[in-house]
Amino acid sequence: MTKRYPPISAKLPVFMHGADYNPDQWLHAPEVLKEDVRLMKLSHSNVMALGIFAWAALEPEEGVFTFEWLDKTLDEFAANGLYAWLATPSGARPAWMSQKYPEVLRVGANRVRNLHGARHNHCYTSPVYREKVAIMNGKLAERYAHHPAVVGWHISNEFGGECHCDYCQDAFREWLKRKYGTLEALNHAWWNAFWAHTITDWSQIQSPAPHGEMAVHGMNVDWRRFVTDQTIDFYRWEEAPLKAANPALPATANMMDLFDGLDYWKFAEAVDVVSWDAYPTWHAEASEAQVASWFAFNHDLFRSLKGKPFMLMESTPSLTNWQPVSKLKRPGMHKLSSMQAIAHGSDTVQYFQWRKSRGSSEKFHGAVVDHVGHEHTRVFRDVTEVGETLEKLSSDVLGAGTDARVAIVFDWDNRWAIRDAQGPRNMGVHYEQTVVQHYRAFWELGISVDVVSRHADLSAYKLVVAPMMYMLDDAAGRKFEAYVEAGGTLVTTYWSGIVDENDLCHLGGFPGPLRKTLGLWSEELEGLHPHDANGFVYDGAAYESHELCDLIHSEGAEVLATYESDFYAGRPALTVNRFGRGKAYYLATRAKEPFYERFYAKLAAEAGVKRVLGTELPAGVTAQARTDGENEYVFVMNFSGAPQTVALDAHAYVDLETGASVTGELALPTNGIRMLKR
Amino acid sequence: MTKRYPPISAKLPVFMHGADYNPDQWLHAPEVLKEDVRLMKLSHSNVMALGIFAWAALEPEEGVFTFEWLDKTLDEFAANGLYAWLATPSGARPAWMSQKYPEVLRVGANRVRNLHGARHNHCYTSPVYREKVAIMNGKLAERYAHHPAVVGWHISNEFGGECHCDYCQDAFREWLKRKYGTLEALNHAWWNAFWAHTITDWSQIQSPAPHGEMAVHGMNVDWRRFVTDQTIDFYRWEEAPLKAANPALPATANMMDLFDGLDYWKFAEAVDVVSWDAYPTWHAEASEAQVASWFAFNHDLFRSLKGKPFMLMESTPSLTNWQPVSKLKRPGMHKLSSMQAIAHGSDTVQYFQWRKSRGSSEKFHGAVVDHVGHEHTRVFRDVTEVGETLEKLSSDVLGAGTDARVAIVFDWDNRWAIRDAQGPRNMGVHYEQTVVQHYRAFWELGISVDVVSRHADLSAYKLVVAPMMYMLDDAAGRKFEAYVEAGGTLVTTYWSGIVDENDLCHLGGFPGPLRKTLGLWSEELEGLHPHDANGFVYDGAAYESHELCDLIHSEGAEVLATYESDFYAGRPALTVNRFGRGKAYYLATRAKEPFYERFYAKLAAEAGVKRVLGTELPAGVTAQARTDGENEYVFVMNFSGAPQTVALDAHAYVDLETGASVTGELALPTNGIRMLKR
Amino acid sequence: MTKRYPPISAKLPVFMHGADYNPDQWLHAPEVLKEDVRLMKLSHSNVMALGIFAWAALEPEEGVFTFEWLDKTLDEFAANGLYAWLATPSGARPAWMSQKYPEVLRVGANRVRNLHGARHNHCYTSPVYREKVAIMNGKLAERYAHHPAVVGWHISNEFGGECHCDYCQDAFREWLKRKYGTLEALNHAWWNAFWAHTITDWSQIQSPAPHGEMAVHGMNVDWRRFVTDQTIDFYRWEEAPLKAANPALPATANMMDLFDGLDYWKFAEAVDVVSWDAYPTWHAEASEAQVASWFAFNHDLFRSLKGKPFMLMESTPSLTNWQPVSKLKRPGMHKLSSMQAIAHGSDTVQYFQWRKSRGSSEKFHGAVVDHVGHEHTRVFRDVTEVGETLEKLSSDVLGAGTDARVAIVFDWDNRWAIRDAQGPRNMGVHYEQTVVQHYRAFWELGISVDVVSRHADLSAYKLVVAPMMYMLDDAAGRKFEAYVEAGGTLVTTYWSGIVDENDLCHLGGFPGPLRKTLGLWSEELEGLHPHDANGFVYDGAAYESHELCDLIHSEGAEVLATYESDFYAGRPALTVNRFGRGKAYYLATRAKEPFYERFYAKLAAEAGVKRVLGTELPAGVTAQARTDGENEYVFVMNFSGAPQTVALDAHAYVDLETGASVTGELALPTNGIRMLKR
């Protein structure tokens, strides 16, 4: 059974609640700090992410440091029972640094160096930037690593992007030398004989460029891996002086939903606690279920990255200012979306930002304190309600884990490779959407899910779902084979087992390493036009399919469904292979709803996977659970866009907010949530 | 009462009628000039805009000037009773200049210098270009400032665009130093503490760049203001030698419809007479009313810029060659659209161009003389009809003014700031379209309108409409307050009073400086998706609204309508506040038609604003008037796309073309116009 | 009458069948070659296009040549009765060359030099590249020009693209000097007086650039002509050492369908045999007729380029990997589309490629041998069937010609000029689609068509169709006049006779040189919006028209149809002028189907043009013929997407595949084809 995890900070052993705080924007108005502290307490906030872009305020001239305002802020916090995730300010350089040392600025794929501006655009390799960061972080660590208000380090901000400067080119070449050893190995892995691309000297290697090389898939995926590694290397460089001063203080870097640029499986190894920034586009459709399940998947992903409670580092208390349409949160939604994070394993609810900026590009992004400056706003009341709710939950739920018996495989280099592949459907094969489509079935069923990489240990799972496992090396293939052989249930799909870790096709028949496990051979795969469709009958019901149709031959697998049309009508569309003590399912085409929910309901039942609630849930309503191994904390959440009634099962339930006993039916208003102890 | 303005040129005290004329394209065919003069007279033309891109013909080598062909053209004009707006040729440099002095070429925001080519792409700051322009203009002035055929100067062509070269960077920095004095002031105004953007040396400032800074709103708006000022500075530099030779000769620069790049309120101060180039896209829809009202707004804007008759410097006698589809003018449309300009205050009707070029990019743009070369074309007959009509009108209408009691506020830096704002609806808040939507109500009602900047004196107006006054500084706010207090009627909307002149948000509650005048507080503003709608009931009728919904609290204002749906149903959607002796209306959401026409009909009646005709007009038909203070000249124009009948009021009317008395009803064919003296 | 042409290679006097073969990708797996030879023979293949991108394998270091693998491949071929089109490898340079001599890399219109990468991106002017190519080709020629397995040279690959480096700028200027002699002539031709573009020194000329000049139409068309000439010059440079070694060995360069970048009329003069790469997007719609007629037009074009059998150099045996959706070929389609090429005059069916690459950007492009590696695939069976079919046909059809009495005019510089023109409908006038629309009528009727340039000898044709002959110089105009005068039937349309060879408008009335022949004057041309339509009645039936309406005056032509709506209702929409002994038709607007098929059925009958089959064909079914002057070989092809029945005429037919006699009706399944000898 799972256990209770220690709090993220022993200093603040409750749910953290707060926001990004940038007092450096208000140094000209000293009265603001005191007012902010009053409002923070009023809103039941207890933690701020502090000084995220404060470099210009901390070092206005090279070598001149001005920590007084930060001292004052932290002391004021300490005096008022408030805490801070103290930021390193590397997310944006001061103008003097860009001017004096242009090498700190990123160079684009077009080989043009950025001018000073915006943010998140420094070179991760630049020796000067690394030196400046080391000095800054050293000073911050020296001064604040033991400050009573500091609960941890917020390193830089939303790491991402890439640089193509000469330093980075050299670093990439060194990375490749370490990986491949010889040019012969590299040329083979990148299949460089194609189009005479053979490299005869390491110095000939250039990172991908629109006016150079974009289509050597092996290089592309290596470049993405290098960017991840170099970013992590930079993170570790930032972290070193911080840890040197106080090894006990946790550090994190805020991540982003399904962010494409970095392999978070690797990045998660570097951070002490995973944190991320969630900005759902609520209220774009009548039902919120599509958005909610997408973000539920992300919450589960970020929990799974380290297999323990994570942090919701940023979210908006109101609207964003960068989506195509800025919707206000309807009544109930702020609490519901905040508690959704908790339900999936977050131990914090934090916002961007505390007080709205007066100027520049984010001045209309939602914040706890609006330009009007007082607490008498709908948004402030919503935030306060969440603060109060978190206080009611902390003693029960904080540190509780998640007991999932279903795993969904999601991998970054698979994702990169799929997007890079030319054919079979360049207008879109929709890897991420497909993964979330499978996930959503479990979400609707109220079944807990972990997200895993293809290299994960699968032994804890009764059911493993691995859609479009395009990039699958032999070792990973053997692992899945062993999983099935040992009694596991595996579901995979078309476009799996196609290439190895270098994006070289498996020879000898697809799905490559899984051919034996699945008991089939995939001869051809074709794309469908948007106006095309096919379909199949499964378990007595007809389902439509679209986008891709795999033409397979059973080599032992049982055919569960066949195509209904086109020249391959009658050929297998869904198969299962009994292998060892387990079963391996293969879905040959992208089915449409409601296939997945019915399919996985059946498989889950067969595999002995329990639902959080032993009853049927209305569409758009999910139940998620956390547990300390003894008690279960059940979150019943209504994202359907309409009031709903949910039947409880026979267990005894207590409402976590009121302490009242609950039985029978739960009435959930639109955007309603109930949190129960079982 | 208004008065009669003096003619633009005392040499030609009639309506001017003519076209751009480029004899430098036909120097190899000397017979063309004599034929052109014959055709000009045949078409009842009297003025040409001469030599607009003639630099290569005037100075084929550096320092070698060839004015003979221009002498000949002007002498021939003089001999035939024709006149010229003589152009300075700076709109395009000769190739030798670009080659020898690359600094004359513009540098893009990407910091890449243009190659020679196209036009309108010189640097306004370049010392070499300014020197070359001064020499050229000095020679032109010396030779032609007193030529009998020259009625004025056409300076360069369609000023616009920007340059990011080092000269311009320095000029921008100097402009900022003059404006802000200290870096502290600049850093505050630009809210540079955000993202560590604090500037510590003036030399760190760089103009906006896609690979640098694009999102510092204060800088963006300052850059646009600088570009306007630098362009005006260049205009004045061009004008100086011309005025030195003959201060009496008027100068103008042709402007463009709702051109975004320059603040025409400022630019208008520099020119002697406003002129502009109008290219409506007629015949794209069944009714022409949308296009006609857009151009009517522009005509009113260009008249209002200096508050006196303006020039229609360019229009096409037929089709354009640069719109997505080149439509021919249907019968009647050439006269109707030409007279529309006169109706709104133009004292000229001019075309681009006289004779179609044989080659290059504008060879298929409509012209008076087609490639066929003779006068036996539909277009030539249409042009001749306009020439004859203008001759009939000159003695009455020339120099007559416009007596408007309604003003609509339209501001360039407000427009720039609105477009720059991130949120509340990045897919479009449609400032210009909204302003014209309000305008169109008056156009349909046949009510004369002035367009004013937010700094204008409002005392002459009974009704002031100021949609989306997003950028509103305290001083302007006080002016509007005083206007209402003194008895005026003000209408403003959502997204008003948000930022000051530096794009810094007003603190303490929106709509900032107007909160007291309007008697309300705006707490939140949300964007609506394209598929979303809301609505309200006003004066017994229901109206739809879309795009933006402002959630306001009355602080004294009377609620005239409330939202009908969403979680803010029942909250105010339209209010009026009695303040001093006046009234201030606030429309909280973007209403759809037919709200505006009904709303403004009622307000105009209450405010005592008269319609041009005291009868109801069919949709798509407008009546506009000019007056010399004694007689009124009424233009009844049918843009409805179908024949219409208009009832006259009880006044006595005389047809300006026929001299016949008119009473009862006017029958207007499709694209028909009647011009009456009252 | 036509005659039988000699086989492309006397060594292999049968239909060639094979694929691109890149053994340089498999040098690490020597067993592959033997297996490939086994499979080639098994699939009834006899020829491979060999080593197209093998430079890095042939010259791994500068001056170090490694021909052993190529020796071995060719010797193995010779030993097994297989042949090769041996490629020069210039389509992609090795990395060492790009690194050491950056000048070999192309410079874009933005004046940025490419980095190494991709393919087809070398400078055609670079002295270094030419030197390296000469050395490589000399070595290849020396070693293989007399190898028994080599049937010809495949020079480089898919020539195209352009370079803007300084070498190319100089070459362009020299080309212009040779063409114009004086700057005065150039300035006139380019109409450089417009916008002061007059060039006063050759060095001022710069190739078109997005940040320079894009709208001097005369320069644009000259630049395109220069690019063609420079590419041909490079081709000849490549060919010289090859021909020096063995003048008898034919050389070709593979072309692409309606490729825009090169004037194939000129390029075809340089090659010994025309070859091209066909990649239809089958199975995107219910009927294949649109795609099939487009490719039929291309087959006819490529046959017409040299007026003799051509080569289908590349096609896919399965799917492509670069179209938006990768469709598999349905049963029958591989044979049908392969035989379509034969029907229109190809003497080969070749594929890209033989064996699927394991990695990089084309690894999912269809190939004869899939990653699975064996012959037990649907695709391999389809390929084998085509090989067997070709063997059955060779003795009859190989070398047979095409006897067309209809010509359609298609010209590259006309195409470039039309696209460049600004107005009359910038959203699209659809030249290529219009030409193919006219062509399709003949295709549906089963009438053989040649494609000709406007400079072609027309005397063999009874009917000449010349849609949108926008660019038409006086000499070409006189030729068409003489054709009609001598008894020919000419059909042309709106937007004809507008500009001369320099893109200068004809003065004195459109359609310029054809005004007398057509007996009409075109006064105005207007564009229609997508929602606009007009129409006319012809021969008792009503037809819709759209996009463009020409307003013409008959000057002797008989009016066959008039517009039905808009202000020009009643004016001529279709005319015919009897001129000399012939007739000249003018279609003033873009008609919609089914006008063209009915119109051309009537004209063909009147002009005595025969259909291949003397019966009516179902829609989507065509009949095409080849002939040796004695026998006719009739291909009846069903692209309708459904089974069809075709009635044969009274001739005697023998099935070319079975030898059986055929009479009465042919039953064609979906994608069916029957090949008959008459």
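Residues numbered from 1 in each chain as written. Chains lettered and ligands numbered in written order. Predicted model: local features only at pLDDT ≥ 70, side-chain atom pairs only at ≥ 80, totals over all residues.

1. Notes on the overall build of chain A
(1) Moving on: Each helix and strand counted, chain A has 17 helices and 27 strands in total.
(2) Moving on: In summary, chain A has a C-alpha radius of gyration of 26 Å against a globular reference of 26 Å for 678 residues, a match within 12%.
(3) Moving on: Dimensions of chain A, computed from the C-alpha atoms along their principal axes, are close to 75 × 75 × 45 Å.
(4) Moving on: Across the 678 residues in chain A, those meeting the buried criterion constitute 60%.
(5) Moving on: Intrachain contacts of chain A at a sequence separation of at least 6 include 73% that bridge at least 24 residues. (Helix = DSSP H or I, 4+ residues; strand = E, 2+ residues; numbered from the N terminus. Rg over C-alpha atoms; globule rule 2.2 N^0.38 Å. Buried ≥ 20, exposed ≤ 12 C-beta atoms within 10 Å, placed from the backbone. Contact = placed C-beta atoms within 7 Å.)

2. A closer look at the interface of chain B and chain C
(1) Moving on: Every contact between the two is made by 48 residues of chain B and, on the other side, 42 residues of chain C.
(2) Moving on: Of all elements in the fold, only helix 2 (55-58) and helix 4 (95-100) of chain B reach the threshold of two or more residues within the side of chain B that touches chain C.
(3) Moving on: Its residues assigned to classes, the side of chain B that touches chain C comprises 23 nonpolar, 16 polar and nine charged. (Nonpolar A, V, L, I, M, F, W, Y, C, P; charged D, E, K, R; others polar.)

3. Side note on the domain arrangement of chain A
Residues and elements named next belong to chain A.
(1) Moving on: On domain assignment, one finds that chain A holds domain 1 (406-607) and domain 2 (621-677).
(2) Moving on: Computed from C-alpha coordinates alone, the two centres of domain 1 and domain 2 are separated by 33 Å.
(3) Moving on: Contacts between the two partners involve four residues from domain 1 and, on the opposite side, four residues from domain 2.
(4) Moving on: Taken together, the residues that form the side of domain 1 that touches domain 2 break down as one nonpolar, two polar and one charged. (Domains from an automatic or database assignment.)

4. Here we look at the interface of chain A and chain B
(1) Moving on: With 48 residues of chain A in contact, the opposing surface of chain B contributes 42 residues.
(2) Moving on: Going through the elements one at a time, helix 2 (55-58) and helix 4 (95-100) of chain A are the ones with two or more residues in the side of chain A that touches chain B.
(3) Moving on: Residues that form the side of chain A that touches chain B fall into these classes: 23 nonpolar, 16 polar and nine charged.

5. Focus: the relation of the copies chain A and chain B
(1) Moving on: Between chain A and chain B, the superposition needs a rotation of 120° and an axial shift of 0.0 Å, giving an RMSD of 0.1 Å. Both copies are brought into coincidence by an operation consistent with a three-fold rotation axis. When each C-alpha of chain A is compared by its distance to the rotation axis, V112 of chain A comes out closest, at 6.3 Å. (Least-squares fit on C-alpha atoms with pLDDT ≥ 70 in both.)

6. Re the packing of helix 6 (residues 166-180) of chain A against helix 8 (residues 217-245) of chain A
Residues and elements named next belong to chain A.
(1) Moving on: At a closest axis distance of 10 Å, the pairing of helix 6 and helix 8 adopts a crossing angle of 105°. Classified by the angle between their axes, helix 6 and helix 8 sit roughly perpendicular to one another. Touching A171, F172, W175 and L176 of helix 6 are D222, W223, F226, D229 and Q230, all from helix 8. (Axes fitted to C-alpha atoms, helices over the stretch in contact; angles between N-to-C directions. Parallel < 35°, antiparallel > 145°, perpendicular 65-115°, else oblique.)

7. Some words on the pairing of strand 15 (residues 534-538) of chain A
Each regular strand displays side chains that alternate between the two surfaces of the sheet.
All names here are of chain A.
(1) Moving on: Bridging between strand 15 and strand 16 (residues 541-554) involves five bridges; their strand directions are antiparallel. When the bridges of strand 16 are listed, N534 appears paired with S545.
(2) Moving on: Hairpin connection, strand 15 to strand 16: the antiparallel pair is bridged by two residues, and D539 has positive phi, about 55°. (Pairing = 2+ DSSP bridges.)

8. Let's talk about the environment of K139 of chain A
(1) Moving on: Secondary-structure assignment places K139 of chain A in helix 5 (residues 127-144).
(2) Moving on: The exposure class of K139 of chain A is partly exposed, given the 15 C-beta atoms found within 10 Å.

9. Let's talk about the sheet that holds strand 27 (residues 673-677) of chain B
Residues and elements named next belong to chain B.
(1) Moving on: Strand order in the open sheet formed by five strands is 21-22-27-24-25, with antiparallel pairing between adjacent strands. Two strands close off the open sheet at either side, each with one partner strand: strand 21 (621-627) and strand 25 (661-662).
(2) Moving on: Across five bridges, the pairing between strand 22 (residues 632-638) and strand 27 is antiparallel. Paired with V634 across the two strands is L676, which belongs to strand 27.

10. Observations concerning the sheet that holds strand 2 (residues 47-50) of chain C
(1) Moving on: The strand order across the open sheet built from nine strands is 5-4-3-2-1-9-8-7-6 (chain C), with neighbouring strands paired in parallel fashion. Among the strands making up the open sheet, the edge pair consists of strand 5 (251-252) and strand 6 (254-256) of chain C.

11. Examining the UniProt feature "domain: Beta-galactosidase C-terminal" (unreviewed entry) in chain A
(1) Moving on: As recorded in UniProt, the feature "domain: Beta-galactosidase C-terminal" (unreviewed entry) lies at residues 620-677 of chain A.
(2) Moving on: Regarding residues 620-677 of chain A, the helix share stands at 0% and the strand share at 55%, and the terminal C-alpha atoms are separated by 22 Å. (UniProt positions renumbered as here; feature names shortened; annotations may be inferred.)

12. Notes on the UniProt feature "domain: Glycoside hydrolase family 42 N-terminal" (unreviewed entry) in chain A
(1) Moving on: UniProt's entry tags residues 20-393 of chain A with the feature "domain: Glycoside hydrolase family 42 N-terminal" (unreviewed entry), counted in the numbering of this structure.
(2) Moving on: The span residues 20-393 of chain A is 41% helical and 9% strand by assignment, and the distance between its end C-alpha atoms comes to 23 Å.

13. Re unusual backbone geometry
(1) Moving on: The step from E593 of chain B to P594 of chain B runs through a cis peptide bond, and the omega angle for that step is 0°.
(2) Moving on: Position of P594 of chain B among the secondary structure elements: in the loop between strand 20 (589-591) and helix 17 (595-607).
(3) Moving on: With omega at 0°, the peptide bond leading from F510 of chain C into P511 of chain C counts as cis.
(4) Moving on: Residue placement: P511 of chain C occurs in the loop between strand 13 (489-493) and helix 16 (515-518).
(5) Moving on: Of note, S156 of chain A is a non-glycine position whose phi angle comes to about 50°, a positive value.
(6) Moving on: Looking at the element boundaries, S156 of chain A is found in the loop between strand 4 (150-154) and helix 6.

14. Observations regarding the nonpolar core
(1) Moving on: Within the largest apolar cluster, 665 residues are counted, with the highest numbers of intra-cluster contacts made by A84 of chain A, A84 of chain B together with A84 of chain C.
(2) Moving on: Those residues in contact with A84 of chain C that lie beyond four places of it in its chain are V47, M48, L50, L74, F77, A149, V150 and V151 of chain C. (Core = buried A, V, L, I, M, F, W, Y, C linked by C-beta atoms within 7 Å.)

15. Side note on the environment of W69 of chain A
Residue and element names in this part refer to chain A.
(1) Moving on: Within the fold, W69 resides in helix 3 (residues 68-79).
(2) Moving on: By the C-beta count within 10 Å, which is 18 here, W69 ends up partly exposed.
(3) Moving on: Sequence separation between W69 and P30 is 39 residues, and the spatial gap between their C-alpha atoms is 9.7 Å.
(4) Moving on: The contacts of W69, once residues within four sequence positions are left out, are P23, D24, L27 and A57.

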